[in-house]
Amino acid sequence: MSSERYNARESEPRWQRQWDEKAIFAAKNDDPRPKYYVLEMFPYPSGRIHIGHVRNYTLGDVLARFMRAKGFNVLHPMGWDAFGLPAENAAIERKVAPKAWTYDNIAAMKKQLRSIGLSLDWSREFATCDPSYYKHQQKMFNDFLRAGLAEREKRKLNWDPVDMTVLANEQVIDGRGWRSGAVVEQREMSQWVFKITKYSQELLDALDTLDRWPDKVRLMQRNWIGRSEGLLVRFALDDATSPGDESELKIFTTRPDTLFGAKFMAIAPDHPLAQAAAAKNPKLAEFIAEAKRHGTAQEIIDTAEKLGFDTGIRAIHPFDPSWKLPVYVANFVLMEYGTGAIFGCPAHDQRDLDFVNKYGLGTTPVVCPEGQDPSTFVITDTAYDGDGRMINSRFLDGMTIEQAKSDVARRLEAEVRGNLPVGERQVNFRLRDWGISRQRYWGCPIPVIHCPTCDVVPVPDKDLPVVLPEDVTFDKPGNALDHHPTWKHVSCPQCGAKAQRETDTMDTFVDSSWYFARFTDPWNENAPTTRAVVDRMMPVDQYIGGVEHAILHLLYSRFFIRAMKATGHIGMDEPFAGMFTQGMVVHETYQKADGGYVTPAEVKIEAGANGRRASLLTSGEEVAIGSIEKMSKSKRNTVDPDDIIATYGADVARWFMLSDSPPDRDVIWSDERVQGASRFVQRLWRLVNESAEMAGGSAAAKPAAFGADALALRKAAHGALDKVSTGIEKLHFNVCLAYIREFANALGEVLARPGQESPDLAPDLTWAVREAAVILVQLFAPMMPHLAEECWGVLGQAGLVSEANWPQIERDLLVEDTVTLVVQVNGKKRGEVTVARNAQNPEIEAAVLALDAVKQALGGNAVRKVIVVPMRIVNVVG
Ligand code: ANZ
Ligand code: ZN
């Protein structure tokens, strides 16, 4: 038996079939045991599983299998994030219908996922493009509309001229569309928004309760929400200079303490005052048009040169009527934030400093760092934004920044102009409402109808779902739904007149904002959730996915659950109690002399005289080994999970993924290391077979006492069990694998000792070997479940290891049996002694007095007394 190699290719599908037939991974909603919900971010059905998926799902699977063995009712479902642009692109490029393309891909990828041996509950599977899913999403849209959580809003939107769609701010990267890479334009349009800003403060505060989320993710969310406390200040405009009827300019500042350092005012290019001034000034109009062409995305603004145009308008300082400040239109002021206007204080704000240095407006420092002489403190190229005392600021001089802020706020709130206070404290958030309208076909239709008399009418709940038509064409750019000859023409549900359906569909981030709640009861045809079930099975206990979703997907989901709570679909606020962001799978790149990339599969690696050397398998042509990068199509440094599984088996792929790096770090794919994992699989197989041969096919009664060898092995087994159990709970999988290896070595040593083949071995040792082998198999079962099932059978264990309870730890085997004591002679440390933990004082004294260091220190003097401080110190008094 043990001479045969383990054959993954034969064994893996066999066990997968068994798990399926017995449906052992199906969670039951009425299971009385405590639930544990493990979820990996569901995939987009692109057509193929990539290696990043394998890592993601393996991480979740280890935890799911472990928690199942620990006795939890584990919910570990899988589905498909199935709407989105690639399906439309496939339709355009390959003339296949988006629906057919999507479901074909799902079928192919499901097959691949099965081959990885994941313990998934497939009975709950759905795709977000199933009408039976998006029907409920449309229902919730209607509910949100009624609750004031969805609204129609005129907005300047980011328009992607290539994809012909509106993009969320988050989908604009460096001023370009995240998919097309086209420079994004601004267009004013009506669209649907979800009122996420109603929850700005709550979404921020609740981050403190998410103590099982990575700090970096919480910080990213905090920054995205972007809360700042400041002051609104109404600056009066100098009448003589003001265009039209404008008499004041409202600004928002977080630094009212720096008001006496003001050198200019600046307004956004699309500020009404800028428009008014431009009407009389063609040069200004030109400047504004140019600024808008560059786009107003945050990233562009942060990196662009700070440019301004003096409007000729003058604003009056709120504390000094004779102090006039020039008003510029500036390209770094955003209309969407605060009031779209600022006062500039160059000494203490870098952008303002860059600006004044360009336009020669000067600086006056008003905050002086502690220990600096105010009379010599000057600002040249670097603004000072640190702490200090107020200077050059009249009544504020000598105050701290905080004191000055509140003093200014108090004074300006008390000052009234035209019945209104000049200043008003305000909290601002960077977070904007979530625009969800997309001018695309392959998405969830927004269930409203536009009627010429009744305006916007929601599709009545009873008429849901609004189903996407399938007979669409993609021969024209733009939205295929809009081009459909009949679909949008309907009668108004209210007045019966001719009306039109909304042809915009929802941002696909909506689909992924509640799928995890739907998994709790995907069979409910009447409602998105079943309250009794969803309130018990949610929240997700451990969510696992890429850090690229750390802001948007997680924030939208946190909002959506709150909105579902407000509309009665769930009874909690936070969807994910634990969050884990996994690292990427990276690989070397290989480049031919002509610069073209080649895949790892085309390359042979050898150890050359000057390190590793790579050549093409076909021609032998040498290729350059390049940097290690995220696997990507463009760099061709990908490995295909199918190839790996066909060659080595899923268990090897899983083991390798877990072994090399902590799960939150990048892992470098290496064929050499994969082969190492493959050898380890065979080694485990031999160890288990040898153990079974030695210990017999079934468990004997536990011996009453164990000799030294058996005890040592039992300690190794329970020590490994203890460490691996806590390691899995903390998702320190790579550490767990190291412990498993170490323990396998310990078992291997026992089996390799001479005389172990003899038939009359001590029963305590055979019992311990058998116990160790069983524990070993259970320890690696979450990582290599197929091999574990096979080994389980070899050991004569009943049932499936996938269904077995996690082994019980015998804690008394974990106690270290020796202690190390500090040895002193006359109070001075002279060495250490290691003795048995239960050693008695005479034994300890004898051991100490036998030490050379002690003899030397005594210098022949007689020992007067030995004092033993248990577990710590032995003092010899001479
Ligand atoms: C004067 C000042 C002096 C400012 C100083 C800063 C430092 P956060 O913290 O992000 O809220 N600001 C206000 N509205 C703006 C807009 N629409 N576009 C560009 N900048 C804007 O930033 C608030 C600060 O950003 C405000 O405080 C304002 O500049 C600027 F030493 O006012 B401050
Ligand atoms: Zn009507």
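Coordinates for the structure precede this section.
Since this is a predicted model, take the numbers as computed values, not measurements.

Reading the values: rules and limits
- Residues numbered from 1 in each chain as written.
- Chains lettered and ligands numbered in written order.
- Predicted model: local features only at pLDDT ≥ 70, side-chain atom pairs only at ≥ 80, totals over all residues.
- Heavy atoms only, no water.
- Helix = DSSP H or I, 4+ residues; strand = E, 2+ residues; numbered from the N terminus.
- Buried < 20%, exposed > 50% of the residue type's maximum accessible area, 1.4 Å probe, protein only.
- Contact = heavy atoms within 4.5 Å.
- Areas by Shrake-Rupley, 256 points an atom, 1.4 Å probe, with all protein chains shown as cover.
- Lys, Arg positive; Asp, Glu negative; His and termini not counted.
- Charge placed at Lys NZ, Arg CZ, Asp CG, Glu CD.
- Pairing = 2+ DSSP bridges.
- Axes fitted to C-alpha atoms, helices over the stretch in contact; angles between N-to-C directions.
- Donors = N, O, S within 2.8 Å, 3.2 Å for Na, K, Ca; no water.
- Tetrahedral: all angles 85-135°; square planar, octahedral: opposite > 155°, others 65-115°.
- 1 Å grid on protein atoms, 1.4 Å probe; cavity = no way out; pocket = protein on both sides within 12 Å on 5 of 7 lines; lining within 4 Å.
- Points joined across faces, edges and corners; volume = space filled by probe spheres on them.
- Nonpolar A, V, L, I, M, F, W, Y, C, P; charged D, E, K, R; others polar.
- Phe/Tyr/Trp six-rings, centres within 6.5 Å; stacked < 30°, edge-to-face > 60°.
- Near = heavy atom within 4 Å.
- Polar contact = N/O pair within 3.5 Å; in protein donor to acceptor, adjacent residues only side chain to side chain.
- Sits in = over half its atoms within 2 Å of the grid points.
- Salt bridge = Lys/Arg side-chain N within 4 Å of Asp/Glu carboxyl O.

Asker: Would you mind going over the overall build of the chain with me for this structure?
Answerer: Of regular secondary structure, the chain possesses 26 helices and 37 strands. When the backbone C-alpha atoms are referred to their principal axes, the chain occupies close to 110 × 85 × 65 Å. Expressed as a percentage of its 878 residues, the buried residues of the chain come to 54%. The contacts in the chain between residues at least 6 apart in sequence include a share of 72% that link residues at least 24 apart. Looking at the chain as shown, the accessible area adds up to about 38600 Å², and 50% of this sits on carbon and sulfur atoms. Here the chain contributes 103 positively and 117 negatively charged side chains, and the mean placements of these two sets differ by 1 Å.

Asker: What's the story with the sheet that holds strand 27 (residues 579-582) in this structure? I'm lost.
Answerer: Sheets are built from strands paired through backbone hydrogen bonds, the pairs being either parallel or antiparallel. Strand order in the open sheet formed by four strands is 2-1-26-27, and the pairing between neighbours is parallel. Lying at the two open borders of the sheet, with one neighbouring strand each, are strand 2 (73-75) and strand 27. For this sheet the average axis-to-axis angle between neighbouring strands, irrespective of direction, equals 20°. As judged from the four bridges shared by strand 26 (residues 542-546) and strand 27, these two strands associate in the parallel manner. Bridging across to strand 27, Gly546 finds its partner in Gln582. Strand contacts of helix 2 (residues 51-69): strand 1 (35-40), strand 2, strand 26 and strand 27, with the helix running at about 175° to strand 1, the strand carrying the most contacts.

Asker: Would you explain the sheet that holds strand 34 (residues 818-825) in this entry?
Answerer: The strand order 35-34-37-36 describes an open sheet built from four strands, whose pairing is mixed. Strand pairing shows two members of the sheet lacking a second neighbour, strand 35 (828-836) and strand 36 (865-869), which therefore form its edges. Pairwise comparison of adjacent strand axes, ignoring direction, gives a mean angle of 25° for this sheet. Across eight bridges, the pairing between strand 34 and strand 35 is antiparallel. Each residue of the ladder has a partner; that of Val825, found in strand 35, is Lys828.

Asker: Whenever I open this one, the coordination of the zinc ion (ligand 2) confuses me. Can you help?
Answerer: Four donors placed tetrahedrally about a metal ideally form angles of 109.5 degrees, and six donors placed octahedrally ideally form angles of 90 or 180 degrees. The coordination sphere of the zinc ion (ligand 2), as far as protein atoms go, consists of Cys451 (SG), Cys454 (SG), Cys492 (SG) and Cys495 (SG), spread over 2.2 to 2.3 Å. In this structure, the zinc ion (ligand 2) is coordinated by four donor atoms arranged in tetrahedral fashion, with angles at the metal of 104 to 113°. Counting the intervening residues between successive donors of the zinc ion (ligand 2) yields the motif C-x2-C-x37-C-x2-C. With a gap of 44 residues between them, Cys451 in strand 21 (residues 448-451) and Cys495 in the loop between strand 23 (489-491) and strand 24 (498-501) connect regions that are remote in the sequence.

Asker: Honestly, empty space enclosed by the protein in this entry has me stumped. Any pointers?
Answerer: The gaps of empty space that remain are located by a probe, the size of a water molecule, rolled over the atoms. Summed over the entire model, instances satisfying the criterion amount to three cavities of 30 Å³ or more. Within this model, the largest cavity holds a volume of roughly 190 Å³. Residue lining of the largest cavity: 17 residues in total, with Leu85, Arg179, Arg438, Arg440 and Thr508 positioned closest to the centre. The set of elements that each furnish at least two residues to the lining of the largest cavity consists of strand 4 (165-167) and strand 25 (505-506). Per element, the largest residue contribution to the lining of the largest cavity is three residues, and it comes from strand 4. Within the lining of the largest cavity, the residues separate by chemical class into six nonpolar, six polar and five charged. Approximately 110 Å³ is the volume attributed to the second largest cavity. Around the second largest cavity, the lining residues are Arg65, Arg68, Ala69, Gln778, Ala781, Pro782, Pro785, Val801, Ser802, Ala804 and Trp806. Of the residues forming the lining of the second largest cavity, the biggest block, three residues, is contributed by helix 2.

Asker: Explain the layout of surface pockets here, please?
Answerer: By volume, the second largest pocket is sized at about 630 Å³. Taken together, 23 residues make up the lining of the second largest pocket; nearest its centre are Phe252, Thr254, Ile342, Asp349 and Arg351. If you list the elements that add at least two residues to the lining of the second largest pocket, you get strand 9 (248-253), strand 13 (341-344) and helix 11 (350-359). Class assignment of the residues belonging to the lining of the second largest pocket gives a composition of nine nonpolar, nine polar and five charged.

Asker: Explain the packing of aromatic side chains here, please?
Answerer: We describe a pair of aromatic rings using the distance from one ring centre to the other and the angle between the two ring planes. Following the criterion strictly, the structure yields 44 aromatic pairs and no others. Centre to centre, the rings of Tyr36 and Phe72 are 5.9 Å apart; their planes meet at 65°, and the pair counts as edge-to-face. Of the two residues, Tyr36 sits in strand 1 while Phe72 sits in the loop between helix 2 and strand 2, which places them 36 residues apart along the sequence. On the basis of relative accessibility, which here comes to 23%, the residue Phe72 falls in the partly exposed class. Both rings, one in Trp434 and one in Tyr556, keep their centres 3.7 Å apart while their planes meet at 0°; by these two values the pair is stacked. With Trp434 in strand 19 (residues 434-435) and Tyr556 in helix 17 (residues 552-566), the pair connects residues that are 122 residues apart, well separated along the chain.

Asker: Is there a simple way to think about the site of ligand 1 in this case?
Answerer: Around ligand 1, the structure places 18 residues, and the nearest of them are Ser228, Thr253, Leu334, Tyr337 and Arg430. One of the side-chain N or O atoms of Thr253 is found 2.7 Å from an oxygen atom in ligand 1. Arg430 places a side-chain nitrogen or oxygen 2.6 Å from an oxygen atom of ligand 1. Expressed as a share of its isolated accessible area of 640 Å², the protein-covered part of ligand 1 is 87%. If you map ligand 1 onto the pockets, it falls in the second largest pocket. Mapped onto the shell around ligand 1, the elements with two or more residues apiece are strand 9 and strand 13. Looking at the shell around ligand 1, its residues break down into eight nonpolar, six polar and four charged.

Asker: When you look at the environment of Leu821 in this model, what are you seeing that I'm missing?
Answerer: Counting through the fold element by element, Leu821 comes out in strand 34. Spatially, the C-alpha atoms of Leu821 and Met871 are 6.3 Å apart, while their sequence positions differ by 50 residues. Beyond its immediate chain neighbours, meaning those up to four positions away, Leu821 contacts Gly831, Glu832, Val833, Val835, Ile844, Met871, Arg872, Ile873 and Val874.

Asker: Is there a simple way to think about the pattern of salt bridges in this case?
Answerer: Charged atoms that come close allow side chains of opposite charge to pair. On inspection of all chains with the given rule, the structure shows 57 salt bridges. Where Glu153 meets Arg155, a salt bridge forms, and the shortest distance between an N and an O atom there is 2.7 Å. With a relative accessible area of 23%, Glu153 lands in the partly exposed category. Between Asp215 and Arg218 there is a salt bridge, with its nearest N and O atoms 3.0 Å apart. Highlighted residues: Asp215 and Arg218, both in helix 7 (residues 215-225), separated by three residues, approximately one helical turn.

Asker: Hey, could you run me through unusual backbone geometry in this one?
Answerer: Note: most peptide bonds trans; most residues except glycine with negative phi. Of the consecutive residues Leu464 and Pro465, the connecting peptide bond is found in the cis state with omega at 5°. When you line up the elements, Pro465 lands in the loop between strand 22 (455-458) and helix 13 (480-483). Positive phi is not limited to glycine here, since Lys95 has a value of about 60°. Classification of Lys95 as exposed rests on a relative accessible area of 72%. With a phi angle near 55°, Arg636 is a residue other than glycine that sits in the positive phi range. By the secondary structure assignment, Arg636 is in the loop between strand 32 (622-630) and helix 18 (641-648). Judged by relative accessible area, which is 36%, Arg636 ranks as partly exposed.

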